[in-house]
Amino acid sequence: MIRDTVRGRLRQLRALFRKPSVERDMTDEFEFHIRMQTEQYVREGLSPVEARRRALVAFGGVERYKEGVRDSRWTRVIEDIASDVRYAARGLRRNPGFTMVAVLTIAIGIGATTAVSSMLNSILLRPLPAVSQPEELFDVSESRSGMTSGMLGYRAVEWLRYEKYAAATPEVWSGLAAHRYVGFSLATESGAVAINGSLTSRNYFDVLGVRPALGRFYSEGDEFAVVLGYALWSSRFGSDRGVIGTTIRLDSRPFTVIGVAPPAFIGLTVGIRSDLWAPMPDYWAGGASGTPDWVAVVGRLRAGVELPRASAIVQAAAVNIQPEQTWTTVHSATLAPVTGIPVVARTGFNAFLGMLFATAALVLLIAAGNVAGMLLARSSARGREIAIRLAIGVGRRRLVRQLLVESTVLFLIGGVGGILLAFWLTGVLARSIPALPATVAVDVSPDLRVLAAALVVAAITGIVFGLAPALRSARADVMDALKRGGVRIGTRSRGRSAFVAAQFAMAVLLVVTGGLFVRSLRAALDTDVGFDPDGVVAATINLRPHGYEGDQIAAFWSDLLDRVRAVPGVENAGLADWGLMFGPTNGSDVQSSEPGWTEQNRTNTRFNAVDPGWLDLMRVPIIGGRAFAVSDNESSPAVILVNETLASRLWPDLDPIGRTIRFNARDWEVVGLTRNGKYSTIGEQPTAMLFFPWAQWRSSDATLHVRSGLGAGRLIEQLRVELAAIDPDIGLENAAPVPAMVGLSLFPQRFAAWLIGGFGVAGLILAMIGVYGVLAFDVERNTREFGIRGALGARTMQLVGAVVLHGLLVAAAGTVAGLLLAAGATRFAGTFLYGVAPLDPLTFGVAAALMLAVAAMAAIVPARRASAIQPIEALRTD
Amino acid sequence: MRPPTGQPTTDVLRGTLELLILRTLSLEPMHGWSITQRIQQLSSDALQVGQGSLYPALQRLEQKGWLDSDWEQTDQNRRVRVYRLTRSGRAALKAETASWRGYVAAVESILGAT
């Protein structure tokens, strides 16, 4: 039964797609009917001609019946809209100039919002696509005194502490896992290759609920097993399915490949890709002890456990478990949802994306406003056509629908253009991410969801912004219009002027924000970083997993430095525990251990350990005391260097040289003072820094810095050769030119400046089009007035002046409103600005001047048109 | 317009046309013109179906799935659209007939009650 109905309706779909044949059938059917009737009349004795006539009369108006049949089809509405769309397309084709400008305008608006929303989508909405039920996952985030978080923004805990957590809180978690990023050296036939990967607890994949693309994941009981990332599997293993079960050498030890992760799983941080996962206990087995193994802790809540209860239990456990690092005290442990953005970065990140979205939405708003203005002007220009259509009986409702369809079609075409623009824009953004030591893989290209949303937004904007012009057109008085040769639509431009002023205000906001970010980038570029990065290459080497012990470690480093310094073209080489601009370094509380100094002189500082040549190599200025010397070794007194910030915090207004601090249960004497510098990012606040001598620190991993006249690429190649000559199993990790790292740390500023600055430029152009539109419309409509004034002897300059003045008044009103708006809004951007105040007078002033200049420019063409109107032409328009 | 036979006729009431079409087609499949003829004939020329309402009605019935139509060739080799009742059409005829009878009886009882 239902099938009959469905079939009946489907049959009529033919009316949509095979209209000619459906129409022919209808004609045939009626013709047949009339013929039968004719034959009937002939049988009744009429002449064939008379019979045909009567049959036709009896049948009545064929066309009317046809319309009746058409109306009774359910597809009628679609047919009507299709014909409206065709009509709209014809109209748009007739006016290619208008169509192009409108489509481009919309494309800019939709492109900006789509690009930004696709970033939001990939970063905030689907950050961990391969993880099952990510909403059940929580980071355990500790806050401790005396500790500053490192590790890509995770609040890390020691491995042993993680195990104690797992043992202390079983009622909370269905599984508690640990993970950390780490560089591996993968042995290949052509030497060791550095791979960025993760060390994890054995239950990591079980807890996350990821499904392998190939093979299986490790779990309890698997020893020396590794899982390959999909990207690594396809690039280095040629997507060979036979790789499962084979053995690879990782940091001098054999591991069995047991599985391949799905392409969507790259780890737990958006954009930072792990290419390999190995169980932490196996990897560390037999490794050096003493230094803690920092891990991030993530758990899946047990079903039925409420978050507040879970938090309370974890908090209680946190306070009860003694930290491995005796100098720190755990204050609290909180549970934070796993979102792919490290906890410490989350608030700022969301605010930044929110700001991006708001600016993009402003661009769309201005663009849509422009197009609405253009549509209004256009329907005014089409006054006669509209009047005629109204006169021949096209219903006003139908007319409004037609105009709405037209604006919607326009916005949809613009929407498609915008989507193309968004693909291009996200492509550029993705490429603009500089080469990182970590593998960055962030897919910000729009997915289907974003594209659908873009089209829906385009259609809705089309309807909303098309409605006012359409309603106004349809309100026109037909008689009046035909008498005067056209509908007078929008007889007053005051409303439109206010509208353009509002657009201007929004554009000012965009220009000011964009300007602030450009200035912020400028300030960051001009920053004195406190060292000289040019010509220096840095790379990390980690001996720890390779079984080096005691004196072997020191011997390895000195052997390496000797070899590197001997390479032709190399100026100097040095070691540091942390590379400059390699991300946040570890920090700790320190205090002065002078007699009489108290707890109040505690302060938090970052620290690094450097070999005697390093400060000289990096050209870090020593402004007091001395640099490290080779004689500062294990048996000599413990010495340190401090920077100006640390010195002034510990001993304000006093000479720091010769004073001592307490750190790690030892007293250290300050022997030198360095100038302040930038250590982790360009954008950081003045940071306290403390340098330990390398020989008194003894680390099994180091960042090698080499200054040379060789290109970075050649130098890195050469460093690999030298390293392989000492130990072929050790890979060079994170090798990168230091200037690139500085550039990388500028990436947020650069990104914001380009994108928001770009939005500002778009706003400027759109505002210009808006002013031009309203003035051109005005001149067009007042042709007669201008003509008469010209005829009465008004000088050209007066006419030009009137138009320009109108434009400037509108622009000035908008600019003033925009500046006030900006003054209120930019403080939200304050946290992202570097070296420039949110109310920077220069930026505000330049923006205002720029906007007025643009308005004057936009006014010139209509003004010239007004002055060129011939009186005779003006009188003829009526 | 009156047919040449000159007999007075009544236009089919709105709403009953569909019922009449269903009833007519329940006898055999036929084309539009014969439906009008058959209705006229069965009502002894008392009812006249206007073409203007017939074809839209056929369209509606087909949309409801009560009718099905096919193009056939006549003996004189003309293309003709033949309508036939579907299974749901038959069921609908039954239901509509019952409801019509109920309606007529109700009206009748009012008209009869003086």
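What counts, and at which threshold
Residues numbered from 1 in each chain as written. Chains lettered and ligands numbered in written order. Predicted model: local features only at pLDDT ≥ 70, side-chain atom pairs only at ≥ 80, totals over all residues. Heavy atoms only, no water. Helix = DSSP H or I, 4+ residues; strand = E, 2+ residues; numbered from the N terminus. Buried < 20%, exposed > 50% of the residue type's maximum accessible area, 1.4 Å probe, protein only. Contact = heavy atoms within 4.5 Å. Areas by Shrake-Rupley, 256 points an atom, 1.4 Å probe, with all protein chains shown as cover. Core = buried A, V, L, I, M, F, W, Y, C linked by side-chain atoms within 4.5 Å. pLDDT = per-residue confidence, 0-100. Phe/Tyr/Trp six-rings, centres within 6.5 Å; stacked < 30°, edge-to-face > 60°. Lys NZ or Arg CZ within 6 Å of the ring centre and 35° of its normal. 1 Å grid on protein atoms, 1.4 Å probe; cavity = no way out; pocket = protein on both sides within 12 Å on 5 of 7 lines; lining within 4 Å. Points joined across faces, edges and corners; volume = space filled by probe spheres on them. Nonpolar A, V, L, I, M, F, W, Y, C, P; charged D, E, K, R; others polar. Pairing = 2+ DSSP bridges. Axes fitted to C-alpha atoms, helices over the stretch in contact; angles between N-to-C directions. Parallel < 35°, antiparallel > 145°, perpendicular 65-115°, else oblique. Patch = residues over 30% accessible without salt bridge, like charges linked within 9 Å, V, L, I, M, F, W, Y side chains within 5 Å. Salt bridge = Lys/Arg side-chain N within 4 Å of Asp/Glu carboxyl O. Lys, Arg positive; Asp, Glu negative; His and termini not counted. Charge placed at Lys NZ, Arg CZ, Asp CG, Glu CD. Left-handed = near helix turned anticlockwise from the far one by under 90°.

*Asks:* Please provide a residue-by-residue account of the overall build of chain A, values included.
*Replies:* Each helix and strand in chain A was counted, giving 29 helices and 25 strands. In chain A, buried positions account for 53% of the 878 residues. Considering only contacts within chain A whose residues lie at least 6 apart along the sequence, 81% involve residues at least 24 apart. Counting only carbon and sulfur atoms, one obtains 60% of the accessible surface of chain A, whose full area is about 37800 Å².

*Asks:* Lay out the overall build of chain B with the relevant residues and their values.
*Replies:* Of the regular secondary structure elements, chain B holds four helices and five strands. Helices (α) and strands (β) of chain B occur, in sequence order from the N terminus, as β-α-β-α-β-α-β-β-α. A burial count over chain B gives 44% of its 114 residues as buried. Considering only contacts in chain B between residues 6 or more positions apart, those separated by 24 or more positions represent 50%. Counting only carbon and sulfur atoms, one obtains 51% of the accessible surface of chain B, whose full area is about 6500 Å².

*Asks:* How would you summarise the nonpolar core if you had to cite specific residues and measurements?
*Replies:* Residues and elements named next belong to chain A. Core analysis: the largest hydrophobic core is formed by 95 residues, its most contacted members being L356, F531, W614 and F691. It is helix α25 (residues 747-781) that provides the largest number of residues to this core, a total of 14 residues. Ignoring sequence-local partners within four residues, the contact set of L356 consists of V116, M119, F751, L755, I756 and F759.

*Asks:* An account of the side chain of T359(A) is requested, with residue identities and associated values reported.
*Replies:* Residue and element names in this part refer to chain A. As for its position among the elements, T359 is in helix α13 (residues 343-381). Residue T359 is classed as buried on the basis of its relative accessible area, which comes to 6%. With residues near it in sequence (within four places) discarded, T359 still touches L510, I756 and F759.

*Asks:* Explain the confidence of the model for chain A to me, and be specific about the residues and the numbers.
*Replies:* Residues and elements named next belong to chain A. Residues of chain A with pLDDT of at least 70 account for 88%, and the chain-wide mean is 82. pLDDT under 50 marks residues 286-291. Its contacts with residues more than four places away, or in other chains, come to four contacts. A low-confidence stretch, residues 486-491 stays under pLDDT 50, and its non-local contacts, those more than four residues away or across chains, total 20 contacts.

*Asks:* Any details on the packing of aromatic side chains? Residues and values, ideally.
*Replies:* Throughout the structure, instances matching the rule amount to 22 aromatic pairs over all chains. Ring geometry for W159(A) versus Y162(A): centroids 5.0 Å apart, planes at 55°, classification tilted. Of the two residues, W159(A) and Y162(A) both sit in helix α8 (residues 159-168), three residues apart, roughly one turn of that helix. We classify W159(A) as buried; its relative accessible area is 11%. Above the face of the W668(A) ring, R666(A) is positioned so that its terminal group lies 4.9 Å from the ring centre. The cationic tip of R79(B) hangs over the ring face of W71(B); the distance from NZ or CZ to the ring centre is 4.1 Å.

*Asks:* Describe the environment of P748(A), with residues and values.
*Replies:* All names here are of chain A. As for its placement among the helices and strands, P748 is situated in helix α25. Exposure remark for P748: the relative accessible area of 48% places this residue in the partly exposed category. Separated by 65 residues in the primary sequence, P748 and G683 place their C-alpha atoms 9.1 Å from one another.

*Asks:* Hey, could you go over empty space enclosed by the protein for me, with residue numbers and the actual values?
*Replies:* Residues and elements named next belong to chain A. Applying the stated criterion across every chain yields a total of six cavities of 30 Å³ or more. Roughly 70 Å³ of internal volume is contained in the largest cavity. Lining the largest cavity, in full, are L375, R378, S379, R382, L403, E406, S407, G466, P469, A470 and S473. Of all the elements in the fold, those that place two or more residues in the lining of the largest cavity are α13, α15 (396-432) and α16 (448-474). No other element matches α16, which puts four residues into the lining of the largest cavity. Here the residues of the lining of the largest cavity are counted per class, giving four nonpolar, four polar and three charged. The space that makes up the second largest cavity amounts to roughly 60 Å³.

*Asks:* For the sheet that holds strand β4 (residues 67-73) of chain B, give the residues involved together with the corresponding values.
*Replies:* All names here are of chain B. An order of β2-β5-β4 is seen for the three strands of this open sheet, with the pairing classed as antiparallel. In this open sheet, the two edge strands, each paired with only one partner strand, are β2 (30-31) and β4. Bridge count for β4 against strand β5 (residues 79-85) is seven bridges, and the pairing is antiparallel. Among the inter-strand pairings, L67 is bridged to a residue of β5, identified as L85. Strand contacts of helix α1 (residues 16-27): β2, β4 and β5, with the helix running at about 100° to β5, the strand carrying the most contacts.

*Asks:* Pulling in residues and values, what's your account of the packing of helix α24 (residues 738-745) of chain A against α25(A)?
*Replies:* Residue and element names in this part refer to chain A. At a minimum axis distance of 4 Å, the contact between α24 and α25 shows a crossing angle of 50°. Accordingly, the angle class assigned to the pair α24 and α25 is oblique. On the side of α24, the interface is formed by G743, L744 and S745, while α25 contributes F747, P748 and Q749.

*Asks:* Can you lay out a positive patch on the surface for me, pointing to particular residues and giving the numbers?
*Replies:* Side chains of R86(A), R90(A), R93(A) and R94(A) sit close together on the surface and give a patch of like positive charge. Mapped onto the elements, R93(A) comes out in helix α6 (residues 76-94).

*Asks:* Give a description of the packing of helix α7 (residues 96-125) of chain A against α15(A) that names residues and reports values.
*Replies:* Residues and elements named next belong to chain A. Contact pair α7 / α15: the axes reach a minimum separation of 6 Å and the direction vectors enclose 45°. The orientation of α7 relative to α15 falls into the category oblique. Crossing of α7 against α15: the hand is right-handed. Per-class residue counts for the contact of α7 with α15 are 16 nonpolar, nine polar and no charged.

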